[in-house]
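Here's the letter readout for the chains.
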Amino acid sequence: NRQSGADTEIAPTDIERVGAFSKVPGARVYCRVNGFGPWTVDEVNTAIALGADRVFLPMARDTDDIARYCDLVGGRAEAAILVETQQAVDAIDTIAAQPIDAVYVGLNDLAITRGTSWIWGAVTDGTVERVREALPPKVAFGFGGATVLGGGDPLPVELLLAEMARLRSDFTFLRRTFRREVSGRSVPEEVRNLADYWQALQARDPSQVREDHHRLLKLAADQT
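As a convention, each chain's residues are numbered from 1 in the sequence order in which they are written. Given that this is a predicted model, residues contribute local features only at a pLDDT of at least 70 and side-chain atom pairs are listed and counted only at 80 or more, while totals for whole chains, interfaces and linings are drawn from all residues. Side-chain metrics in this entry use all non-hydrogen atoms of the structure; hydrogen atoms and water are not considered.

To continue, consider the sheet that holds strand β1 (residues 30-32). Two strands qualify as a pair provided DSSP detects at least 2 bridges between them. A helix here means a DSSP run of H or I that spans at least four residues, while a strand means a run of E at least two residues long, and both kinds are numbered starting from the N terminus. Pairing is parallel across the open sheet formed by 6 strands, whose spatial order is β1-β2-β3-β4-β5-β6. In the strand order of this sheet, the two ends are held by β1 and β6 (171-174), each with one partner. Looking at each pair of strands side by side, their axes are set apart by 25 degrees on average, direction ignored. Here strand β4 (residues 102-105) runs beside strand β5 (residues 140-146); their pairing, made up of 4 bridges, is parallel. Bridging from a neighbouring strand, A102 pairs with A140 of β5. In this description, a line fitted to the C-alpha atoms serves as the axis of each element, helices being fitted only across the stretch in contact, and the angle between N-to-C directions of two axes falls anywhere from 0 to 180 degrees.

Here is the structure:
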């Protein structure tokens, strides 16, 4: 498959878990369906019926498929897409004109389509910023992932969060390494620490924002 030889993880799950999560007070439930195909109608309808607040379409590349997907969601939930192919990056202006509610740049799969194992290239070469700037303000944006403060390799989570703040990210996901790095710690406490750090990043002045960005670029350059 496309991820052969790449450091990725495929973790199928039971769609019924969406219904269980949707019953948690105050929870917002995100559900990723499979890539667009004949099965999409049933998958989207099931996810929404079970209480998904935001439904993600992966490997989005064909604008006609994205338009059909948005029509299918039909405002019953937030229609989100995963930009994780170079084709989607190249078509981002057209994609941004679709009635989508959220976009997440998937760095792992994007790197695979570019034929590289260095997933952070799309961050440091301006690709992620290009996608972000193409989106209307109403479209939620995210990329990368978070782990505990002091964690993250080869890029520390603090610098990655700083870049997310610079690019006005609205959301992200926890990285796979979070499960390992949070071992022996309090998960609620670590999540609160991340939230507090994120709030502190919003108070940086422009010179601090530039300095953090340059630190990220230098560290990434040293790794390649």
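The next subject is the pairing of strand β2 (residues 54-57). Each residue gets one of three labels from its accessible area relative to the maximum for its type: buried under 20%, exposed over 50%, partly exposed in between, using a 1.4 Å probe on protein chains only. Both faces of β2 are covered, namely the face carrying R54 and F56 and the face carrying V55 and L57. Two strands pair when backbone bridges link them, and β1 and β2 are joined in this way by 3 bridges, in the parallel orientation. Residue pairing for β2: C31 is matched across the bridge by V55. The β-α-β motif built from β1, the intervening helix α2 (residues 40-49) and the parallel element β2 has right-handed crossover chirality. Pairing of β2 with strand β3 (residues 78-83), which is carried by 4 bridges, proceeds in the parallel orientation. Pairing of F56 across the sheet is with A80, part of β3. Here is how to tell: hold the view so the strands point away, follow the path from the first strand over the helix to the second, and if it runs clockwise the crossover is right-handed.

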